[in-house]
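# Fold and geometry: a report
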Amino acid sequence: MKKTHWLFTLTLACILCIANAFLAPPSTKYHLRSHIINHEPITSSSSSQLQSSRNGAEDIYGAVHRKEYEMKRLNAQHASLSDPIRMAMGYAQEGIEQKRLAAALRRVYDDPYNPANPDAKEKSLEQLEREEKMLENGLAEATMRRGSFIVDIKRRSLSYPREQFARYDDASLVAEAMVRLGADVVFVNVDYHSYGGDLGELKSAVKAVRGVTNEAAVVMKDIVVDEIQLGLAKEAGADGIVLIASVLGPALDNFLNLATMIGLEVIVECHTYNEVKAALDALATNIMVSNRDRITGELIPDQAVKLAGMFPGSGGPIITIAGGGVTNTDQMKKLLAVGYDGVVVGKTVMGSPKAPEFIRAVRDRTLLPAEFSQWGLDDVEFDVDGNVMSGPKKGIPSASDDDVFL
């Protein structure tokens, strides 16, 4: 009898263990791309590369697990409902949200006739007649564009392990300097282990940029794995936050919804066709296409160019920017020419005298409508008034180079 009871107890325990293994929720609510494909949660046994940070330079797998642990501790520290971060996450945005980030990416303040510009001017009768004719011909949005420059402020990067390519005392000093030079948006990295920044620098950068202008936007950049990080960005005064599609996977919708509710703008970073499609399906309005594959660390120089055709034309609801491995102004001009609204540059301008050159290369010209990106006019450049600039093109010298180009 005792033996039968013991066997029954053991059998029941085994059944419960097996049921728990199948019914228990995944250990994480976000997935890296390789695990999305197989519909598997990230676990410590998924792959030996998940432990790579123990043996050498940290990769995205190690960074995600480290952030998960850090956020677990942070949630415990800010568990009180009266905590400022919890309050930032708990209050819905009231009234009309000020989209400073979207306005900066589209440079509406530089367009004297844009209705979103508080100082917008009245259009002349001639301009109104011209717009009416363009509307009749289906070209209502086919107007010249203005590209935006986004600087990614960081001391180091997961993409360049063990390399510190910038040394500065405080990111706020860099943010202020870049905005004074003409940068439209600054990304402030707050993950110390991977990028060398922290939340204190984000707060000081917000204060520094607001002291210069109310038009430039400050965006928190982090390896976001928990919703409390949205509260951190909001509480710090950031205008927006970067979400990585390959890290969040199907949880991207939830993060976008929470960000919208608390009045925090979002830039969704994508690398593949499927990630862009997922971002569009989730109704993301600001999308960044990166040439850098977050999962493998590989740089694919023309990835953003190949995916440019996935987005609607000029002036639509989707604002698109591109970056990753941009090292010269020709690469920036190509990204803008194929239809992107802005370009993100990081390492190349960190601690480098090239920053003014890169910023002028974007801001001191206008761009053809995105609808014309396939017309073979990539080499035609226009000044801020929409007039064709004479050269150089593809390294061909011109007599007016000094007056026209950098």
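Calculation rules
- Residues numbered from 1 in each chain as written.
- Predicted model: local features only at pLDDT ≥ 70, side-chain atom pairs only at ≥ 80, totals over all residues.
- Heavy atoms only, no water.
- Pairing = 2+ DSSP bridges.
- Helix = DSSP H or I, 4+ residues; strand = E, 2+ residues; numbered from the N terminus.
- Axes fitted to C-alpha atoms, helices over the stretch in contact; angles between N-to-C directions.
- Salt bridge = Lys/Arg side-chain N within 4 Å of Asp/Glu carboxyl O.
- Buried < 20%, exposed > 50% of the residue type's maximum accessible area, 1.4 Å probe, protein only.
- Right-handed = clockwise from strand over helix to strand, strands pointing away.
- Arc of directions from axis to C-beta.
- Phe/Tyr/Trp six-rings, centres within 6.5 Å; stacked < 30°, edge-to-face > 60°.
- Lys NZ or Arg CZ within 6 Å of the ring centre and 35° of its normal.
- Core = buried A, V, L, I, M, F, W, Y, C linked by side-chain atoms within 4.5 Å.

## What to know about the sheet that holds strand β5 (residues 217–221)
Within a sheet, each strand pairs with its neighbour through backbone hydrogen bonds, oriented either parallel or antiparallel. Taken in spatial order, the eight strands close into a barrel running β1-β4-β5-β6-β7-β8-β9-β10, and their pairing is parallel. On average, each strand axis in the sheet is tilted by 25° relative to the strand beside it, whichever way the strands run. As defined by bridge partners, β5 adjoins strand β6 (residues 240–244) across two bridges and the pair is classed as parallel. For valine 219, the partnering residue across the bridge sits in β6 and is glycine 240.

## A word on the pattern of salt bridges
Taken as a whole and judged by the stated rule, the model has 18 salt bridges. Note that aspartate 222 and lysine 67 form a salt bridge whose closest N and O atoms lie 3.2 Å from each other. Linking aspartate 222 in the loop between β5 and α11 (228–236) with lysine 67 in helix α4 (residues 60–77), this pair joins segments that are 155 residues apart in sequence. Across the pair, exposure class does not vary: aspartate 222 and lysine 67 are buried alike. One salt bridge connects glutamate 235 with lysine 203, and the closest N-O pair in it is separated by 3.4 Å. Remark: lysine 203 occurs in helix α10 (residues 199–212) and glutamate 235 occurs in helix α11; sequence separation between them is 32 residues. Given a relative accessible area of 41%, lysine 203 falls into the partly exposed group. Linked through salt bridges whose partners overlap, the residues forming this network are Arg66, Lys67, Glu70, Asp191 and Asp222.

## Points about the pairing of strand β7 (residues 265–270)
Across the six residues that make up β7, a large majority, six, are buried. Taking every second residue as pointing to the same face, both faces of β7 are buried, with Glu265, Ile267 and Glu269 on one and Val266, Val268 and Cys270 on the other. Two elements, β6 and β7, share five bridges in a ladder whose sense is parallel. Counted as the bridge partner of isoleucine 241 is valine 266 from β7. Examined bridge by bridge, β7 and strand β8 (residues 286–290) share three bridges and lie parallel to one another. In the strand pairing of β8, glutamate 269 is matched with methionine 288. In the classification by handedness, the crossover that spans β7, the intervening helix α14 (residues 273–281) and the parallel β8 is right-handed.

## Regarding α14
Taken together, the buried positions of α14 are occupied by Glu275, Val276 and Ala279. One side of α14 carries all its buried residues, which in axial view fall inside an arc of 100°. Those residues of α14 that are exposed and angled more than 90 degrees off the buried face are Asn274 and Asp281. Just downstream of α14 lies leucine 283, where phi reads positive at about 65°.

## Some remarks on the pairing of β6
Of all five residues in β6, five are buried, a share of seventy percent or more. A crossover connection joins β5 to the parallel β6 through α11; in handedness this β-α-β unit is right-handed.

## Some details on the packing of aromatic side chains
According to the stated counting rule, one finds two aromatic pairs in the structure shown. A ring pair is formed by tyrosine 160 and phenylalanine 165, whose centres lie 6.1 Å apart and whose planes are at 85°; its orientation type is edge-to-face. Overall, the relative accessible area of 13% leaves phenylalanine 165 in the buried class. Note on phenylalanine 311 and tyrosine 340: the rings are 6.2 Å apart at their centroids and 65° apart in plane angle, and the pair reads as edge-to-face. Placement of the pair is phenylalanine 311 in the loop between α15 (303–307) and β9 (319–323) and tyrosine 340 in the loop between α16 (329–337) and β10 (342–345), with a sequence separation of 29 residues. Cation over ring: arginine 156 sits above tyrosine 192, and NZ or CZ is 4.8 Å from the ring centre.

## Section: unusual backbone geometry
The backbone of arginine 107 sits at a positive phi, close to 55°, despite the residue not being glycine. Here arginine 107 is to be found in the loop between α6 (100–106) and α7 (125–136). Of note in the backbone geometry, leucine 283 takes a positive phi value of approximately 65° without being a glycine. Structurally, the position occupied by leucine 283 is in the loop between α14 and β8.

## Structural notes on the nonpolar core
One finds Phe149, Met178, Leu243, Tyr340 and Met350 to be the most contacted residues of the largest nonpolar core, which totals 87 residues. Judged by nonpolar contacts, the second largest core, of 15 residues, contains Leu101, Ala104, Ile150 and Val185.

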